[in-house]
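Each chain, letter by letter, is given below.
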Amino acid sequence: MKSELTRRGILQGLAAAGMVAPGMAAAQAAGSLNFIGWSAAVDQVKAHISAFERDTGVRVNYENFPWAQFRTALVTRLVGNAPIDVSWVSDAWLPEFAEAGWLADIEDMPGLKRYNAEAASYCTQSMVYKGKQYGLAYYGDHMSFMYNTDVLQKAGIAAPPTTWDEVVEQCLKIKRAGLMEFPLLLSLGADTWLIEFASALAFSFGGSFVDDKGDSVMGAPGGGVVAAARFLHDCIHKHKILSPGAVETVELNGLRAFGSGAHAFTIEPTYRIRSLNDPAQATAHGKIRPAMMPKGGANGTHDTCGWIRFYAMTPAAKADRARRERAVKFIEYFGGRDTRGKYSLQEMLLLDVGLPSCALPLTEDQEVKTFWERWAGGGDIIARQSMSARKKDVISPWFGEWVETSNQAWQSVCLGRATPEAAMAALGNKWNELKRAFR
Amino acid sequence: MPGRFSYDNRSAAILVFPVLAVLLVVAAFPILYSFWVSLHDIVLTRPLRRPFVGLENYGRMLADPRFHTAVLRTTLYTVVTVSVTTVLAIGVALLLNENFRGNKLLNALLLLPWATPSIVNGLMWKWIYDPTYGLLNAVLVQLGLLESYRAWLGDPDLTLLLISNAAIWKQMPLAALLLIVTMKAIPEDLYRAAKVDGANVVQRFIHVTLPALRPGLMLVLVYETMISIRHFDLFLIMTQGGPGDASYTLSWLIYVETFRSLRFGTGAALSYLLAMLTFLLSWLFIRFLGERRG
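All of the points below concern the structure found in this document.

Quite often, the size of an interface is put as the accessible area lost when its parts meet. Counting residues at the interface gives 25 residues for chain B and 25 residues for chain A. Summed over both partners, the interface of chain B with chain A comes to about 2300 Å²; 50% of that surface belongs to carbon and sulfur atoms. For chain B, the biggest contributors to the area lost against chain A are Thr-45, Arg-46 and Arg-260 of chain B; these three give 21% of the whole. Between Arg-263 of chain B and Glu-401 of chain A there is a salt bridge whose closest N-O contact spans 2.5 Å. In this assembly, chain B and chain A are joined by eight residue pairs in polar contact (both at pLDDT 80 or more). By residue class, the composition of the side of chain B that touches chain A is 12 nonpolar, seven polar and six charged.

As structure tokens, this is what we get:
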């Protein structure tokens, strides 16, 4: 009797463990989906997951990691064949992930592809690799040039600059007025944002890192990339309008410093304008406004760097009919319209945390218009700037390796340890070496 | 017929076996497996190919300019950190070895930096060095020693020394404690005899204290060298290898190669090179400072 009870106890224990353990396979059979993202807008995502579960009956297992560790965390899970159905992916990782066979394309999913008709074209292009589209957008943003209206007013400057030469002139005027030592703030610390800042600057100088064939042109003497590097060097060492400490300023610290009102001009992701104008988060609230990216040099443009993050499905999820159906539902609900036909998450992300959306219909939404009016003094500049946002041209299967060298090269120029020409030529050589090595 | 092993030996083997098995799984296997990994060209983002390349990863890294930079930076950082830590630790140990009022309180306070978690230590010093609101700038400007705020960690000539300073602040207390323990074991008679012979304070330190400190010094040097040469957390928190390549040490290179470039093969090869360097230095210290018998 005793032994029978014990055996039964063990069996009952095993059964209970099977029911409550996070065994993915069992959970999937009950209609669940595994979604992995980084720790951003967690409350909004959780709220939308609850709505999704209510509307579809599909249970979502949601995991998130800090952005700084996310790529490594995701890669190790993908290599280990973790049962992920849908993940957030950065446009910068698309080529290497697609080449590794970790992402499934959505070419045969017209229910998802129909949203391209309502999306900004650079967003869609950022999700395409070798002619195939790999998901729907989570959000799309671009680098914006921002200025502090209060500082300009105190310095007697009537309008924000339209060229980088004017930026220098106005900075010197602000300095001469004794308002601040370093009117220009650029976050050039070696974090994941540095390439976006560098790209925005290079594009505004009419430059490209690579040509149409993907070959390096970043080191071309007289090219836009070298000119942008020269501009940074001069701002620090010649004009002294940009602090040498820029090389240790990462994006988040730059945001805080600009929000303190200690600088006149900066480049920041557009979604930061909400927090910069929020009285609870910034001393300079209400005074930060966007302007078109200044043009640099004779070939300058108002172009800036745009990027997107998107929802992508894993090949394992696509291969299984039930998992694929759930994943498609999820991606549509989160990256497209929900079951009520609304871009509800995109709207919530914008209104709550300031994340701009790729969905064009939202620009006509009254609440969205009110949002931009409140936090940016109107949405016209942002809309115009987004039209001239360009995808990073260095996105490639070897981007992850190359960007380390890139960060060092830009910092070396800022430190005066290398000439812009030499640093960018070396960077171009590294690009060619990695491209050749990729077989 | 008596067995080859006695009952005691067999019992001992049975009792030791579980620990041995655990050690094999958690220590020996990873060491051997990482060596196996270092012989392959493993890039995580290219999971379909992982060719065996023999010692090619080692050759590639040894020829890589980044490796040379990292060795140079690591050497400078280690030499500065270990030497300053040791000298300061000797001074603090000499002070705390004396009997005076408040000695016990100072001994307790000495432990504070050592007990501070590395992450907290790194963040604390990063804030102290901050170019906008750092304490160092504020103090120096108010004392009139500095005209305006400086970007301390943004200066490539100073970065490594400033990180080293943060490491010394944390590591010196343990070194001092180890030396105090050794000093307590020095017989008082030796000092009395030296005094009788007319030796002054400096002479007593050179001819009595220092030779007797040899075991403690060896321990401190080996330990501090092993810690410094592999230091990573301060570099991650304070500079991320920058600015430029100013704090690009071996451990940082291993991190970049393994977890950013996701090249596990070369990352493992670099780890082995670092391990060999650490063993070599430790062996040299033991060889030249170890107790000589006979």
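Structure's up, so let's keep going.
Turning to the state of the cysteines, a few remarks are in order. Residues and elements named next belong to chain A. A full pass over the atoms with the stated rule returns one disulfide over all chains. One disulfide in the model links Cys-123 with Cys-358; its S-S distance is 2.1 Å. Its S-S torsion of about -80° marks the bond between Cys-123 and Cys-358 as left-handed, since a negative value means left-handed. A residue pair is termed long-range when its members are at least 10 positions apart, and Cys-123 in helix 7 (residues 121-126) and Cys-358 in the loop between helix 16 (344-353) and helix 17 (366-376) qualify at 235 residues. Assigned by exposure class, Cys-123 and Cys-358 land together as buried. Between Cys-305, a cysteine without a disulfide, and Cys-123, which holds the nearest cysteine sulfur, the sulfur-to-sulfur distance is 12 Å.

Residue Pro-243 of chain B is bonded to the preceding Gly-242 of chain B through a cis peptide linkage, with omega at -5°. The backbone of Lys-240 of chain A sits at a positive phi, close to 55°, despite the residue not being glycine. Tracing the backbone shows Lys-240 of chain A in the loop between helix 11 (224-237) and helix 12 (251-259). In this structure, Leu-262 of chain B is a non-glycine residue whose phi angle is positive, near 60°. One can find Leu-262 of chain B in the loop between helix 12 (250-260) and helix 13 (264-289). When its relative accessible area of 0% is taken as the criterion, Leu-262 of chain B is described as buried.

Rules used throughout
Every chain's residues receive numbers from 1 upward, in the order its sequence appears when written. Written order determines the labels here, with chains lettered from A and ligands numbered from 1. The predicted origin of the model limits local features to residues at a pLDDT of at least 70 and limits the giving and counting of side-chain atom pairs to 80 or more, whereas totals for whole chains, interfaces and linings rest on all residues. Computation of side-chain values: all heavy atoms of the structure, hydrogens and water removed. A contact between two residues is defined here by any heavy atoms of the two lying within 4.5 Å. Two parts lose some accessible area (1.4 Å probe) when they are put together, and adding that loss for both gives the buried area. Salt bridge, as used here: a side-chain nitrogen of Lys or Arg that lies within 4 Å of a carboxyl oxygen of Asp or Glu. Here a polar contact is taken to be a pair of N or O atoms separated by no more than 3.5 Å, where protein atoms must pair a possible hydrogen donor with a possible acceptor and residues adjacent in sequence count only if both atoms sit in side chains. Classification convention: Asp, Glu, Lys, Arg as charged; Ala, Val, Leu, Ile, Met, Phe, Trp, Tyr, Cys, Pro as nonpolar; all other residues, Gly among them, as polar. Counting rule for disulfides: a pair of cysteine sulfur atoms within 2.5 Å. To qualify as a helix, a DSSP run of H or I must reach at least 4 residues; to qualify as a strand, a run of E must reach at least 2; elements of each kind are numbered from the N terminus. When accessible area is computed with a 1.4 Å probe and restricted to protein chains, residues below 20% of their type maximum are described as buried, those above 50% as exposed, and intermediate ones as partly exposed.

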